[in-house]
Every structure is written in C-alpha cells, then in structure tokens.
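Coordinate inspection notes
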Amino acid sequence: MKPTILLAEDDTTLSFVIKDNLEEAGYEVTTCSNGELAWQQFQKKSYDICLLDVNMPIRDGFSLAKRIRQSSDVVPIIFITAKGQEEDKIKGFSSGADDYVVKPFSMQELIMRIEVFLRRTKKLKSDVKQEYNIGKLRFNYSELKIYNGSEIISLTQKEADLLKFLASNTNKILKREEVLINVWGKDDYFLGRSMDVFITKLRKHFKADPGIVLETIHGVGFRLNQ
C-alpha cells in the first residue's frame, strides 16, 4: 500500500504542486485548504505523515499540530511555512512538530525528509517489546510507559525515543549532536532547543528515584547516571 500523507495548505497552487510531486513519487495525498478541514480529515483516516502550513484560516498549523499530538504521539508532523524565525521554529517544535521546512524549498528535499520519518516509523512499528531498568524504575519502550511500582508515567513517542537512547547508553557521556542525530535524525540548532525541553521533562519523571541523575555536561552533552 502507498504511504498516506495529509497535506494542509491554503495556497491552492502550492498545494497542487506538492500533491502532484508526492503522488508522482508514490504517495497517496489528501489535501485540505484549512486547519479545521484537516483536523476533520485526520479523525476519519490513519495517515503516515502530516504536512502542515502554519498560516491557515479557521485553524492555524500550530493549533492543528497540538490537536493531532493529543490524538497521536507517533504520526510525524512536518511544518511547511514561510515563517523561518527562531521563535516560530521553537513554537512549532513545542506544538508537536518533528521537522520544519521553510518556503521556498525543493521538492527533492521535502521528499527526502518524508522518507527519513517513514523509515523511522516503520522501524518503531517493527521493534519488539523492549524494557529497561533505570534505577528502581522500569521503562517499557513499546508501551511508552515508566513504571514505579504501582505508579505509571505515560510518555510521548519523542520522550520514549530519547529515553531509549539514553537508557541504552547509561553512565556514558553522549554528545549533543550524537543524541540529535540518533533521536531527531539530524543536528540542528532549533531541534537542539526542542531536545532541551524533553530533557527537562525526563528529569521530572526521574524525581521518583533520586538515585537517577540525568547530568548535563557543559559544552559537551548528557550522561544518564544510575
């Protein structure tokens, strides 16, 4: 079956060009002219990836991404937008985006980025159940959960991906760029800011066991000590 893509873009000309190129590349594409229509469509069907413009009528891309994330932690979200300022990118990642493509962009670049996320999603789906003992906590990657006795902490997919990489390399110094490439797929300043947010979230989860320390090595990276 062809990979399915939800494209939310209010520029009809650009939407046609993207759809035409993606279908030629072997994807099945559903287009929506505003964020509300895209949200309604997302609820009707399962998509492999979402491409969202930021400035759209009725519901903007940031708002749409948050709604999608509340429904699914797994589906990749890529913003395609003319908004390329730092604060816009940070807001985009904070709303749940996995990547950010600034207009104008080449279709070859967009397709390559899509393929990176689809390969990663395929790998996640094929992974067998994996568990890690972190201090007194038990982390189940496939369930996206941390168990502390009878207490259960639910994780987002990105939190689980990051924790899995850290848990696979406990007591080892990991460089920032190494973590970014392995978890986010590339070393990028704005993704680095997003990573710092997720590191803070994991530290909050680790408060259940004071023996677990997620250490920041200044100017280098991180180390999960247990």
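Look up a bit, the structure's there.
Notes on the structure follow. Quick caveat: nothing in here was measured; it's all calculated off a predicted structure.

Attention now moves to the sheet that holds strand S10 (residues 174-175). Ordered by their spatial adjacency, three strands build an open sheet running S10-S12-S11, and the pairing between neighbours is antiparallel. The open sheet has two free edges, formed respectively by S10 and strand S11 (213-217), since each of these has just one partner strand. In this structure, S11 lies alongside strand S12 (residues 221-225), joined through five bridges in antiparallel fashion. Among the inter-strand pairings, Thr 216 is bridged to a residue of S12, identified as Phe 222. Against the sheet, helix H8 (residues 189-205) contacts S11 and S12, and its axis sits at roughly 150° relative to S11.

Every buried residue of helix H2 (residues 35-44) is accounted for by Gly 35, Ala 38, Trp 39 and Phe 42. Angular distribution of buried residues about the axis of H2 spans 100°; they occupy a single face of the element. Of the surrounding secondary structure, the elements contacted by the buried residues of H2 are strand S1 (4-8), strand S2 (28-32), strand S3 (49-52) and helix H3 (61-71). If you check the start of H2, you find a side-chain oxygen 3.0 Å away from the backbone N of Glu 36, and it comes from Asn 34.

The next thing to look at is the environment of Arg 138. In this fold, Arg 138 is placed in strand S7 (residues 137-140). Residue class for Arg 138 comes out partly exposed when judged on its relative accessible area of 30%. Once the C-alpha coordinates of Arg 138 and Phe 222 are considered, the two residues, 84 residues apart in sequence, prove to be 21 Å apart. Leave out the neighbours within four places in its chain, and Arg 138 touches Glu 131, Tyr 132, Asn 133, Lys 145, Ile 146 and Tyr 147. A distance of 2.8 Å separates the side chain of Arg 138 from the side chain of Glu 131, its partner in a polar contact.

Parameters at a glance
Residues numbered from 1 in each chain as written. Predicted model: local features only at pLDDT ≥ 70, side-chain atom pairs only at ≥ 80, totals over all residues. Heavy atoms only, no water. Pairing = 2+ DSSP bridges. Helix = DSSP H or I, 4+ residues; strand = E, 2+ residues; numbered from the N terminus. Contact = heavy atoms within 4.5 Å. Axes fitted to C-alpha atoms, helices over the stretch in contact; angles between N-to-C directions. Buried < 20%, exposed > 50% of the residue type's maximum accessible area, 1.4 Å probe, protein only. Arc of directions from axis to C-beta. Polar contact = N/O pair within 3.5 Å; in protein donor to acceptor, adjacent residues only side chain to side chain.

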